[in-house]
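# Architecture at a glance
Spelled out from the first residue to the last, the chains are:
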Amino acid sequence: MTARPPSRPTTPDTAPAPGPADDSAAGRSGHAATPRPPAVAPAAAARGTFAGPAAGASPTRPSAPRERATPGRAAAPAGPSRAVPSGAGSHGVRPAAPLSDEDRGRLLDGAHHDPHGLLGAHPVRGGLLIRVLKPCARRITVLAKGLRADLPAEGDGLFAGVLPLRTVPDYELLVDYGDNTLTVQDPYRFLPTLGELDLHLLAEGRHEQLWQALGARITEHQGVTGTRFTLWAPNARGVRVVGNFNYWDGTGHPMRSLGSSGVWELFLPGIGEGELYKFEITRPDGSRTVRADPMARRTECPPANASVVEASHYRWTDADWMARRGERPVHEAPFSVYEVHLPSWRPGLTYRRLAVQLPAYVKDLGFTHVEFMPVSEHPFGGSWGYQVTGFYAPTARMGTPDDFRFLVDALHRAGIGVLMDWVPAHFPRDDWALAEFDGRPLYEPQDPARAAHPDWGTLEFDYGRTEVRNFLVANAVYWCEEFHIDGLRVDAVASMLYLDYSREDGGWTPNVHGGRENLDAVAFLQEMNATVYRRCPGVVTIAEESTAWDGVTRATHHEGPGGFGGLGFGLKWNMGWMHDSLGYVSKEPVHRKYHHGEMTFSMIYAYSENYVLPISHDEVVHGKRALVSKMPGDWWQQRANHRAYLGFMWAHPGKQLLFMGQEFAQGAEWAESHGPDWWLLDPSYEAEPDHRGVRDLVRELNRRYAATPALWERDTDPAGFSWIDGDAREDNVFSFLRFAADGSPLISVTNFSPVVRHAYRLGVPGHVPAWREVLNTDDPRYGGSGITNPDALKTEPTPWNGRTASVSPVLPPLATLWLRPA
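Throughout what follows, the structure given in this document is the object of discussion. For clarity, every value in this text was computed on a predicted model and none was experimentally measured.

### Some details on the nonpolar core
- One finds Phe229, Leu342, Phe372 and Phe404 to be the most contacted residues of the largest nonpolar core, which totals 175 residues.
- The element that contributes the greatest number of residues to this core is helix 10 (residues 466–482), accounting for ten residues.
- Setting aside its immediate chain neighbours within four residues, Phe372 contacts Val340, Leu342, Leu358, Phe404, Leu407, Leu411, Val418, Leu419, Met420 and Asp421.
- Core analysis: the second largest hydrophobic core is formed by 20 residues, Val93, Val132, Tyr171 and Tyr177 among them.

The structure is reproduced here in structure tokens:
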């Protein structure tokens, strides 16, 4: 599992969260770090954004909320000249029957499930009742063709009257705030924006494009453009939309509940792209909480945490890439990954600036893919993105969602695939995000002990709840469909699979069969993988799974010996290889013979799954030291070990992943505050050739790898590998053959001792007359000593290593050789 940074600071890194009552200024103003200029008359704009009252104080509302005037129609000028005398032009408006005390109280308190039943236009005996809730308004006039009628005031911002009409006209409201008068649409005259099919799929947990049904979406509804707000909050007594368009006071914008679905909905005409918003939820106990939208597709830049109404205008240019990416199964294709933490790769760059520099750098080094550490929005930068609050929003730290699309598109145009870390294992406890979202556990299990993640101070998801599973499965699809992501590396899978993960005896409850497997998590992962592979051809899912769970990369419909179908992943990180091989190379050469099996053990299980060999960010932080610094010896020996290890890794069955900075042998651990030590590659630095040499080797490894099918075509086929000598422990030498699908061979020999081994005999296939050295990590170009095999190595009829023929190359110290038929 991904190593986590130290525990989060006690003081939240986000804006102040609401107190117990959650109806305080903090609940409304936590997002006000980046106020937007009000789009109202100057008198209203001068007052700034309303931040709400202090806790316990009576609210003092501004005189004119920032409503949007009806598009295409100018707002009526403010001033006495436009005031309509009471009763003038009212077309016989009669006072309406007052609301019951219960309805009135629940409506004004934000605890009514059906505000549309009280507000808007409704036929009654003798006419048409229109009721409007506009806090701060002085007068409301209904405008329609041939109609201009004032509504009598009922107090508390309520206005209502019965008009002598038989049908509901297309009416507008002229709202007089005293210093400003606006002509607006009535949000409560519109039908629901979600249809029966959406609600049916939501109830079944099968809405695979959930982001198109929930959240904030700009739409045209009944001929009017605005934003549809929808939220799943089944335990809420009421929900209201708050935002910069209503001074963060949701009194006038209560949402309606759509039956038993748990979904709340409101269409707000005239609200468009870039508006900030949240949801004010009345909990079952009557208290309130202000929450960011779980489905927000854009957010404010942390530490601000409001959601942002978003609409994509991006036009993709990667059609060729998308059409080709699924032509060859990933486990039979070259797959060499450069892992990147975007905010720190070159600190300060935006997505669009990264789109200029990152594709060129990765293409030059020959990697086939990049893997981004999590890009979903997260409040605490020190979590590196692994504590997510905005599952549907790329982090705003580097730009907008369309800017992120631009980066992905640029990588595709450069021929580079894009993987991203995806974190469905847990979420943080920030009280403006998912934790106890509507007043009760919703995204997390009901049992607090089961909900609490024992390692990271976070909460686990309730994978057994239909809607939560839908939220996560749709999220995986969302990144692949909306952002053209080519693969998802799923973080911390082991912590999801086991009920007793990091829990003591007695601290967990067995499943229905008495076992420790989390059956709900198994079903979720199977559904996620099956859905992604069905909907998104060419996408690969990769599991970071640190145990020996059977069938991680087996098809979901193929049952294994444990009785479970496969999890359905395409690839799995080989954590065992990583741990064992790093343990071996960290030993002094004189002691390595006692640990020889740590390097050969991986071949016992190499074909049990489809593996990736990861040297990731986890291995170069928290006192583990950078890759080159793990190596023993002086500086030359450390670099030689580093180069030899990379050569061994690129030849070993499985795909490769290397974290940024390790490609040029950075000696310091990675830190998210400053990223890689690029100054090591400055020509003015005395040791620059040492680091440039290692980077040149990585480029050559990738170039040779891509051009050699023997190194990737049969990664998951035991016939693609054969030891030459896997037991040369006294020599610290590992030699093996790799074979392409057509039988073309490659020899890899690694000498992990600091001595030159002359005429080192190796058994080889007798049908190959001669071999030539195609890669040598001891080449002076890479900083080596220059001991090479410049001439072709003729195959001799001398039996060796169980074969009828052999060759005798010279093995440089601490180096890897690759040999191919001459």
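### What to know about the packing of helix 7 (residues 351–365) against helix 8 (residues 401–413)
- Where helix 7 contacts helix 8, the axes come no closer than 8 Å and their chain directions differ by 10°. Classified by the angle their axes make, helix 7 and helix 8 are roughly parallel. Residues Tyr351, Arg352, Leu354, Ala355, Leu358 and Pro359 of helix 7 form the contact with helix 8, whose own contacting residues are Asp402, Asp403, Phe404, Phe406, Leu407, Ala410 and Leu411.
- In the contact of helix 7 with helix 8, the residues fall into ten nonpolar, no polar and three charged.

### Some points on unusual backbone geometry
- Between Pro302 and Pro303 the backbone carries a cis peptide bond, its omega angle lying at 10°.
- Position of Pro303 relative to the elements: it lies in the loop between strand 15 (288–291) and strand 16 (307–308).
- Even without a glycine there, the phi angle at Ala665 is positive, about 60°.
- Relative to the helices and strands, Ala665 is located in the loop between strand 26 (655–659) and helix 18 (688–706).
- Located in the positive-phi region is Asn732, a residue other than glycine, with phi close to 60°.

### Details of the side chain of Thr227
- Tracing the backbone shows Thr227 in strand 10 (residues 224–232).
- Here Thr227 falls in the buried class, since its relative accessible area comes to 0%.
- Side-chain polar atoms of Thr227 contact the backbone oxygen of Ile271, separated by 2.6 Å.
- What Thr227 contacts, discounting residues up to four positions off in sequence, is Ala216, Arg217, Ile218, Leu266, Phe267, Leu268, Ile271, Gly272 and Val309.

### Considering helix 17 (residues 635–651)
- In a regular helix each residue adds 1.5 Å, so 17 residues correspond to 24 Å; helix 17 covers 25 Å between its end C-alpha atoms and thus fits that length.
- Of all 17 residues making up helix 17, 14 are buried, and the element is well covered by its neighbours.
- N-capping of helix 17 is provided by Asp634, with a side-chain oxygen placed 3.2 Å from the backbone N of Trp636.

### Focus: the pairing of strand 26
- For strand 26, a buried count of five out of five residues is recorded, marking the element as mostly surrounded by other parts of the structure.
- Neither face of strand 26 is left uncovered, since the one carrying Lys655, Leu657 and Phe659 and the one carrying Gln656 and Leu658 both have all their residues buried.
- Two elements, strand 17 (residues 336–340) and strand 26, share four bridges in a ladder whose sense is parallel. Across the sheet, Ser336 pairs through a bridge with Gln656, a residue of strand 26.
- Inspection of the sheet shows strand 25 (residues 611–615) paired to strand 26 by four bridges, in the parallel sense. What sits directly across from Ile615, in strand 26, is Leu658.

### Focus: the packing of helix 17 against helix 18
- Where helix 17 contacts helix 18, the two axes come as close as 11 Å, and the packing angle between them is 10°. Put simply, helix 17 runs roughly parallel to helix 18. On helix 18, the residues touching Trp635, Arg639, His642, Arg643, Leu646, Gly647 and Trp650 of helix 17 are Asp690, His691, Val694, Leu697, Val698, Leu701, Asn702 and Tyr705.
- Within the contact of helix 17 with helix 18, the residues separate by chemical class into eight nonpolar, four polar and three charged.

Conventions adopted
Residues numbered from 1 in each chain as written. Predicted model: local features only at pLDDT ≥ 70, side-chain atom pairs only at ≥ 80, totals over all residues. Heavy atoms only, no water. Core = buried A, V, L, I, M, F, W, Y, C linked by side-chain atoms within 4.5 Å. Buried < 20%, exposed > 50% of the residue type's maximum accessible area, 1.4 Å probe, protein only. Helix = DSSP H or I, 4+ residues; strand = E, 2+ residues; numbered from the N terminus. Contact = heavy atoms within 4.5 Å. Axes fitted to C-alpha atoms, helices over the stretch in contact; angles between N-to-C directions. Parallel < 35°, antiparallel > 145°, perpendicular 65-115°, else oblique. Nonpolar A, V, L, I, M, F, W, Y, C, P; charged D, E, K, R; others polar. Polar contact = N/O pair within 3.5 Å; in protein donor to acceptor, adjacent residues only side chain to side chain. Expected span 1.5 Å × (residues − 1). Pairing = 2+ DSSP bridges.

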